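Below, each chain spelled out in residue letters.
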Amino acid sequence: SIKIAVIDTGADASHPELVSKIAHQQCYVTNDAGTQSTGSFATDEDGHGTDVSGIAAAATGNSPPLGFSGAGGKSVIYAYRVFPTPDDTCASATLSDNTCSSSTADIAKAIMDAVDVQRVNIISMSLGGGACTGGVDEDPVEDAAVKHAIASSVIVIAASGNSGPTPVQVTAPGCDTGVIAVGATSLDDGTPTGTTGSHSR
């Protein structure tokens, strides 16, 4: 089976669609004191990582049937949690609350573990926010980890971003050279005419 590392908010390993699909869990979250956790329990306090894992690898033909199948068929998930437990302030995208975002050091650690220890085939990161110059991540730690993954023949996929500025700019790590940046948009971008309002990618 294909090994997919989902570097996100963790995953619900007890979910009926994922219980047979999660091969490994790891948590790398640095607290305000600068201490990085390295536990093997990556429970999902947000739900985002569980959603991403389900899209990639929800069980096919499982019982009881829930009517879902992941895009990855026989793929298995290596769930990495790099986001702390969110609080109520995380509903606003304009705040820079530490509980709402991940550390690039934690992302890099997860990438390195996925590549060097777990030997995954694909890394999926539905996250981002930094910038690139000429395809080089502005964060040298994250940049080095992504380059190492690609040099190790691991396919790296990342979100193109979480908002739609004008002009549109892909954020890191999606803008790193060699990374497949993936975006999405909603019908009319949430407005009746599609001419105003915010965009989602």
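Residues numbered from 1 in each chain as written. Predicted model: local features only at pLDDT ≥ 70, side-chain atom pairs only at ≥ 80, totals over all residues. Heavy atoms only, no water.

## Topic: helix α3 (residues 140-151)
As a reminder, the rule being used: A run of H or I in DSSP counts as a helix once it spans at least four residues, and a run of E counts as a strand once it spans at least two, with each numbered from the N terminus. By this rule, a helix spans an expected 1.5 Å times one less than how many residues it contains. Contacts are assigned to residue pairs that have any heavy atoms within 4.5 Å of one another. Polar contacts here mean pairs of N or O atoms no more than 3.5 Å apart (in protein, one a potential hydrogen donor and the other a potential acceptor; neighbouring residues in sequence count only if both atoms are side-chain atoms).
Helix length check: α3, at 12 residues, gives a terminal C-alpha distance of 16 Å against a target of 16 Å (1.5 Å per residue), a fit within 8%. At its buried positions, α3 is contacted by α2 (104-117), β4 (122-125), β6 (136-137) and β7 (155-159). One side-chain oxygen of the residue at the start of α3 lies 3.0 Å from the amide nitrogen of valine 141, identifying that residue as aspartate 139. Residue serine 153 follows α3 closely and has a positive phi angle near 65°.

## Quick notes on the packing of α2 against α3
The condition that has to hold: Helix axes are fitted to C-alpha atoms over the stretch in contact, other axes to C-alpha atoms as well, and angles between N-to-C directions run from 0 to 180 degrees. To sort the angles, those under 35 degrees are grouped as roughly parallel, those over 145 as roughly antiparallel, those from 65 to 115 as roughly perpendicular, and the leftovers as oblique. Crossings are assigned a handedness: left-handed for a near helix turned anticlockwise from the far helix by less than a right angle, right-handed for a clockwise turn. In this classification, the charged set is Asp, Glu, Lys and Arg, the nonpolar set is Ala, Val, Leu, Ile, Met, Phe, Trp, Tyr, Cys and Pro, and all remaining amino acids, among them Gly, are polar.
Their axes nearest at 8 Å, the elements α2 and α3 cross at an angle of 15°. Taken together, the axes of α2 and α3 lie roughly parallel to each other. The chirality of how α2 crosses α3 is left-handed. Residues Thr104, Ala105, Ile107, Ala108, Ile111, Met112, Val115 and Asp116 of α2 lie in contact with α3, whose contacting residues are Val141, Glu142, Ala145, Val146, His148 and Ala149. Residue classes in the contact of α2 with α3 are distributed as 10 nonpolar, 2 polar and 2 charged.

## Quick word on the pattern of salt bridges
Put simply, the rule is: A carboxyl oxygen of Asp or Glu within 4 Å of a side-chain nitrogen of Lys or Arg is what we treat as a salt bridge. Three exposure classes are used, based on accessible area relative to the maximum for each residue type with a 1.4 Å probe and protein chains only: buried under 20%, partly exposed in between, and exposed over 50%.
Under the defined criterion, the tally for this structure stands at 1 salt bridge. Salt-bridge contacts for aspartate 143 lead to lysine 147; the nearest nitrogen and oxygen are separated by 2.8 Å. Of this pair, aspartate 143 and lysine 147 both sit in helix α3, 4 residues apart, which is roughly one turn of that helix. Among the residues examined, aspartate 143 registers a relative accessible area of 9% and is labelled buried.

## Considerations on the sheet that holds strand β2 (residues 22-27)
Here is the rule: At least two DSSP bridges between two strands are needed for those strands to be called paired.
Spatially, the 6 strands line up as an open sheet ordered β2-β3-β1-β4-β7-β8, and their pairing is parallel. At either end of the open sheet lies a strand with only one pairing partner, and these are β2 and β8 (180-182). In this sheet, neighbouring strand axes are inclined to one another by 20° on average, regardless of whether the strands run parallel or antiparallel. Relative to β7, β4 runs parallel, the two sharing 4 bridges. Within β7, the position partnered with isoleucine 123 by the bridge is valine 156. Sheet strands touched by α2: β1 (3-8), β2, β3 (76-81) and β4. Its angle to β4, the strand with the most contacts, is close to 160°.

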